[in-house]
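Commentary on secondary and tertiary structure
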Amino acid sequence: MTGVERRAERVAAAAEDQELAPPPPALEVLRAYLAAQSSAFLGQLPRLREGKPEASHRIRVACRRARSMLRTYKPVLEADWCDELAAQIAEFTDVIAPERDVEVVRERLLKALDALAEESGSGASSAGVLRARTLLDRMLQREYATAHEVTLAALAGPKFHALADRLALAPQTLPAGDGAAEPADAVLYPLVVQSFAQVERRVAALPDPRKQNARSAFADDATDELWHRLRIAAKRARYAAEVCVPVAGQPATDFAVCMERITEDLGTQQDATVASAVLLRAARTPRIAAPTGFVLGRLLGDARAGILRARLAFPNLWTDAADPAHRAWLGK
């Protein structure tokens, strides 16, 4: 069961009641969603300070949801207020992002190296695997320690305390704009439609991976950023639908799940892209031994090949996610 589905269960009873009752005002729905993200953010702060696993990820997710809500639904709120809080959130997440990124890439690369070690056995190539593992582990441990220190410094700074105070109060102080008092379905659904239209535009802008040359497929791919932008747009559409679950119920959940499948697939690609960059940095280590370089090159090739396979398979995934039936609840 996905996170979206679990959240849908918690609001199912309320959604059934709302089938007979008029939809709540848009502002009420937005405040409830922002309150959930504020609670998630504040609840994870002690764990983040202690360096607990997943704390950074969970805080980033709460921040992404809050910021996405502010941006998507800004037309029915006070624009300047939304922009200011969204900018504060973005500044904070930019600071804590490297810590989580290092966690993910380290786990991915060490797992791949363990698989190579089993494949290599006790032969000469196993020495290259061991050296590559030592090199990457030390490099990423240093980067994690640096990133965690930066996170702790941010948590002790005045900007963070201002953000935490503001997020704590944001659900109660969220300012209404034009249409905020109108029924949620009439005001919020068109903005979900707009967010999905942005996903469609991002998909249309993607290059055909079948036309990619070998050099770009196994090096730093200039199209990675286009796929990353698509992932961001799909997350925004997913979160926009999540906001509407208390109003629309299961149809909004189903659409959010479709977008989640897209973002998870693109997230795997993004993780491989980050891993590729780490491997390239490691390969530039002065006086690196040939067996170590060979292993790093193989890992890089595997990562880029995985990205290419995912991109070749993406059209089928997108065809299902873009089925208009998933958006019938929006009137489109």
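Model, not experiment: these values are computed from the prediction.

To continue, consider helix α4 (residues 79-120). When the terminal C-alpha atoms of α4 are compared, their 58 Å separation across 42 residues agrees well with the 62 Å that a helix rising 1.5 Å per residue should span. The axis of α4 is deflected most strongly, by about 40 degrees, at Ile96, and proline Pro98 appears within four residues downstream.

Before going further, it helps to spend a moment on the nonpolar core. Ranked by size, the top nonpolar core spans 69 residues in total, and within it Phe41, Tyr73, Phe92 and Leu188 carry the most contacts. Not counting chain neighbours up to four residues away, the residues in contact with Phe92 comprise Phe41, Leu48, Ile59, Cys63, Leu155, Phe160 and Leu163. If you look at the next biggest cluster of nonpolar residues, it comprises 20 residues, including Leu109, Ala132, Leu279 and Leu296.

Bringing the environment of Gly331 into the picture now. You can see Gly331 is positioned in the segment after α12 (290-321). Here the alpha-carbon distance between Gly331 and Tyr189, two residues 142 residues apart in the chain, equals 8.5 Å.

Time to look at the side chain of Thr93. Residue position: Thr93 is located in helix α4. At a separation of 3.0 Å, a polar atom in the side chain of Thr93 contacts the main-chain carbonyl oxygen of Ala90. Setting aside anything within four residues of it in sequence, one finds Thr93 in contact with Cys63 and Arg67.

What counts as what
- Residues numbered from 1 in each chain as written.
- Predicted model: local features only at pLDDT ≥ 70, side-chain atom pairs only at ≥ 80, totals over all residues.
- Heavy atoms only, no water.
- Helix = DSSP H or I, 4+ residues; strand = E, 2+ residues; numbered from the N terminus.
- Expected span 1.5 Å × (residues − 1).
- Bend = angle between axes of the 7 residues up to and from the residue.
- Core = buried A, V, L, I, M, F, W, Y, C linked by side-chain atoms within 4.5 Å.
- Buried < 20%, exposed > 50% of the residue type's maximum accessible area, 1.4 Å probe, protein only.
- Contact = heavy atoms within 4.5 Å.
- Polar contact = N/O pair within 3.5 Å; in protein donor to acceptor, adjacent residues only side chain to side chain.

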